[in-house]
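Observations on the three-dimensional arrangement
Here are the chains, one letter per residue:
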Amino acid sequence: MDYSLSSSSLLFFSFFLLFFTFFLLLILLFRPKQCCNCDVCQAYLSSSWASEYDNLCDWYTHLLEKSPTGTIHIHVLGNIITANPQNVEHMIKTKFDNYPKGKKFSAILGDLLGRGIFNVDGDSWKFQRKMASLELGSVSIRSYAFEIVKSEIKSRLVPLLLSVKSDSDSTKSTILDLQDVFRRFSFDSICKFSFGVDPGCLKLSLPTSDLAVSFDLASKLSAQRAMTASPIVWKIKRLLNVGSERKLAKAIKLVNLIADEVIKQRRKMGFSTQHDLLGRFMNTTKNDAYLRDIIKSFLLAGRDTVASALTSFFWLLANHPEVESAIRAESDRILGKSEELASFEQMREMPYLKAALYESMRLYPPVQFDSKFCQDDDVLPDGTFVRKGTRVTYHPYAMGRMERIWGLDCLEFKPERWLENGVFKPESPFKYPVFQGGLRVCLGKELALVEMKSVALALIRRFDIRLTEASKVLRFTPGLSATLRGGLPVVVQERTAS
């Protein structure tokens, strides 16, 4: 028996050694760009930038600010990064067909999003875009979404904050992670809107949702694939089903199982009278796997982006009480002192609130960068040559901090920059690509703005929300959207009627 065990151990060790040698050989073959010795590439590879900057996006901002053209090249990643509005317009409008998402990008998110709208190009993208445009643009779907948001605010968000509020004379205060609250709120809302399913994440007990946990993990691990200098690393791990790829596969499997069960039950019950996106898309296709991919894409976009935008917004308000006061004054003029929730029409009469949200997303966009892959050799308007197959990234986070774009006060939080004679004045989507632009402009933009306005008004008018620790910078964790490291711990007090 001992001999048998020794033989097995020897066989295992030999296999492991063979695999490890093969793995190293593949790394050497597929990572030739690592030979670059320029200062920028060496700083990236060694992470030496972290000694001076809190976030990778801040280091990129510094490099882009120093660049005469507003464009840099990270050779080891094969990535050209730009904060030049002319280049952005060139990529997402003028030469749109030459800058698709590309197969490399689709591979990174393919296991999670499959053939969903945010992970495809060509005819598949056009079909889903057309369908989504028709649905999201309809009055009935917008009204349905608004009712979901109002219900979630009134029945869960406000009661939750009331349950943890601190009295002004209390010596102890309950600390609440506002980022977690917003993520729960937006997850409940987007699940109701997309699937017609209520995961109940924002109930007073703050329960754990298998769908939310698995979706979070899958999103995080999918994003980590893009951080590797070569895709061969995660592809081998996926082939062998080890490490982060094993965790990713398990998380995606659970998400798919839940989504498939929802679709199955909906087909049994019928869907012609349902208002959610799943019910509407089921009228166009009988391919359940395709339906699942479409809905997962909307789940990703509608949950993380709104939660991220609201988290940064309330951090900024806590540091700029004068803006919070101005929003309250504007809302009091439109709603009076007692009305709790605003209507569509009333929110349209609040330009300062809209300006404050836009200004917040200028400094802290929910999606900090967006990448395309060049299909054929090209030259950007700033003179940068782009070789076929190169990843080209435009960087909204950095663009919001460029003096050449926004002026000397670009780092200041000033909602007034969006107003002209008290009227909201939009900027070019290529100067402010928070909602993208051109043919890929965000279809859910108006729905997202209404959701953010509704939450902002409900909380600002009823509560004083203060940070537990003063901080001058936000620190982010790597991911598909901007997520704060450590959350946003706050203390909540109910405002007294005046």
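Notes on the structure follow. (Residues numbered from 1 in each chain as written. Predicted model: local features only at pLDDT ≥ 70, side-chain atom pairs only at ≥ 80, totals over all residues. Heavy atoms only, no water.)

1. Quick word on the packing of helix H13 (residues 288-319) against helix H19 (residues 445-462)
Filter applied, for reference: Where helices are involved, their axes are fitted lines through C-alpha atoms of the stretch in contact, as for all axes, and angles between N-to-C directions lie from 0 to 180°. Note on conventions: DSSP H or I runs of at least 4 residues are helices, E runs of at least 2 residues are strands, and numbering of each starts at the N terminus. Two helices cross in a left-handed way if the nearer one is turned anticlockwise from the farther one by less than a right angle. They cross in a right-handed way if the turn is clockwise. Two residues qualify as a contact provided that any one of their heavy atoms is within 4.5 Å of a heavy atom in the partner residue. Side-chain classes are defined by residue name, with Ala, Val, Leu, Ile, Met, Phe, Trp, Tyr, Cys and Pro counting as nonpolar, Asp, Glu, Lys and Arg as charged, and the others, Gly among them, as polar.
Two numbers describe how H13 lies on H19: the axes approach to 10 Å, and their chain directions differ by 40 degrees. Both H13 and H19 take part in a crossing whose hand is right-handed. Contacts between H13 and H19 involve Val 306, Ala 309, Leu 310, Phe 313, Phe 314 and Leu 317 from the former and Ala 448, Glu 451, Met 452, Val 455, Ala 456, Leu 459 and Ile 460 from the latter. By residue class, the composition of the contact of H13 with H19 is 12 nonpolar, no polar and 1 charged.

2. Observations regarding helix H8 (residues 178-194)
We count it as follows: Given a helix with a known number of residues, its expected span is that number minus one, times 1.5 Å. Classification of residues uses two cut-offs on accessible area relative to the type maximum, computed with a 1.4 Å probe and protein chains only: under 20% is buried, over 50% is exposed, and between them is partly exposed. The term polar contact refers here to a pair of N or O atoms within 3.5 Å; inside protein, the definition further demands a hydrogen-donor-capable atom paired with an acceptor-capable atom, and it admits residues adjacent in sequence only when both atoms are side-chain atoms.
Here H8 is 17 residues long and its end C-alpha atoms lie 24 Å apart, about the 24 Å a rise of 1.5 Å per residue gives. Most of H8 sits inside the fold, with 16 of its 17 residues counted as buried. One side-chain oxygen of the residue at the start of H8 lies 3.1 Å from the amide nitrogen of Gln 179, identifying that residue as Asp 177. Two residues or fewer past H8, Gly 196 is found with a positive phi of approximately 75 degrees.

3. With respect to the pairing of strand E7 (residues 391-394)
Condition: Being paired, for any two strands, means DSSP has found at least two bridges between them.
Here E7 shows a buried face lined by Arg 391 and Thr 393 and a second buried face lined by Val 392 and Tyr 394. Note: strand E2 (residues 79-82) against E7, 4 bridges, orientation parallel. Of the residues in E7, the one forming a bridge with Ile 80 is Val 392. The sheet contact formed by strand E4 (residues 370-373) and E7 spans 4 bridges and is antiparallel. The residue of E7 that forms the bridge with Ser 371 is Thr 393.

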